[in-house]
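Spelled out, the chains give:
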Amino acid sequence: MEEVDVYKTSTIHLLERLCSEDIGRRGIKAISERCEGELLNASTSLLEAKRVLITTGFFVPTGQAPETDGPLGAAAIAQALLRSGVPVDFITDPLCASVVAPVVEFLQR
């Protein structure tokens, strides 16, 4: 594994702390405590990967529509990986394809 500089490490730890804040009171704190300190390992692993498969899209039955924030977050991750030379593929279910397809089309430009 490549050595990571102090600035990048502190930035990743800051991002990890911000992501673990339970602003919406959805119980994310319990999950984030179990994964504390792993964002650096996860991001390094992604950058060292030969190819990454991103799964995104969640159909919201009460709204009868796919969620829209997951595919946008997936697009940001995919763009960073692509800029780093890591090929990316997406997978979703038919109910969410209408939201994920434009993300894939945008990234292929």
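Heads up: these notes are all about the structure in this document. Just so it is clear, the model here is predicted, and its values are computed rather than measured.

**Thoughts on helix α5 (residues 97-107)**
- The set of residues buried in α5 consists of V99, V100, V103 and L107. What you see down the axis of α5 is that its buried residues fit within an arc of 90 degrees, all on one side. Turned more than 90 degrees away from the buried face of α5 sit S98 and E105, all of them exposed.
- The secondary structure elements touched by the buried residues of α5 are β3 (65-66), α4 (69-83) and β4 (88-91).

**Digging into the pattern of salt bridges**
- If you walk through the whole model with that rule in mind, you get one salt bridge.
- Across the pair R51 and D89 runs a salt bridge whose closest N-O atoms are separated by 2.5 Å. A residue pair is termed long-range when its members are at least 10 positions apart, and R51 in the loop between α3 (39-48) and β1 (52-55) and D89 in strand β4 qualify at 38 residues.
- On the accessibility criterion, D89 (31% relative accessible area) is partly exposed.

**Some points on the packing of α4 against α5**
- One can describe the packing of α4 onto α5 by two numbers: an axis separation of 10 Å at closest approach and a directional angle of 20 degrees. Considering their axes alone, α4 and α5 lie roughly parallel with respect to each other. Every pair of crossing elements has a handedness; the one defined by α4 and α5 is right-handed. Contacts between α4 and α5 involve P71, A75, A78, Q79 and L82 from the former and V99, V100, V103, F106 and L107 from the latter.

**Here's the deal with the layout of surface pockets**
- There is about 1100 Å³ of room inside the largest pocket.
- Surrounding the largest pocket, 36 residues form its lining, I12, L39, L40, A42 and S43 being those nearest its centre.
- Looking at the lining of the largest pocket, the elements that each hand over two or more residues are α1 (6-19), α2 (28-34), α3, β1 and α4.

What counts, and at which threshold
- Residues numbered from 1 in each chain as written.
- Predicted model: local features only at pLDDT ≥ 70, side-chain atom pairs only at ≥ 80, totals over all residues.
- Heavy atoms only, no water.
- Buried < 20%, exposed > 50% of the residue type's maximum accessible area, 1.4 Å probe, protein only.
- Helix = DSSP H or I, 4+ residues; strand = E, 2+ residues; numbered from the N terminus.
- Arc of directions from axis to C-beta.
- Contact = heavy atoms within 4.5 Å.
- Salt bridge = Lys/Arg side-chain N within 4 Å of Asp/Glu carboxyl O.
- Axes fitted to C-alpha atoms, helices over the stretch in contact; angles between N-to-C directions.
- Parallel < 35°, antiparallel > 145°, perpendicular 65-115°, else oblique.
- Left-handed = near helix turned anticlockwise from the far one by under 90°.
- 1 Å grid on protein atoms, 1.4 Å probe; cavity = no way out; pocket = protein on both sides within 12 Å on 5 of 7 lines; lining within 4 Å.
- Points joined across faces, edges and corners; volume = space filled by probe spheres on them.

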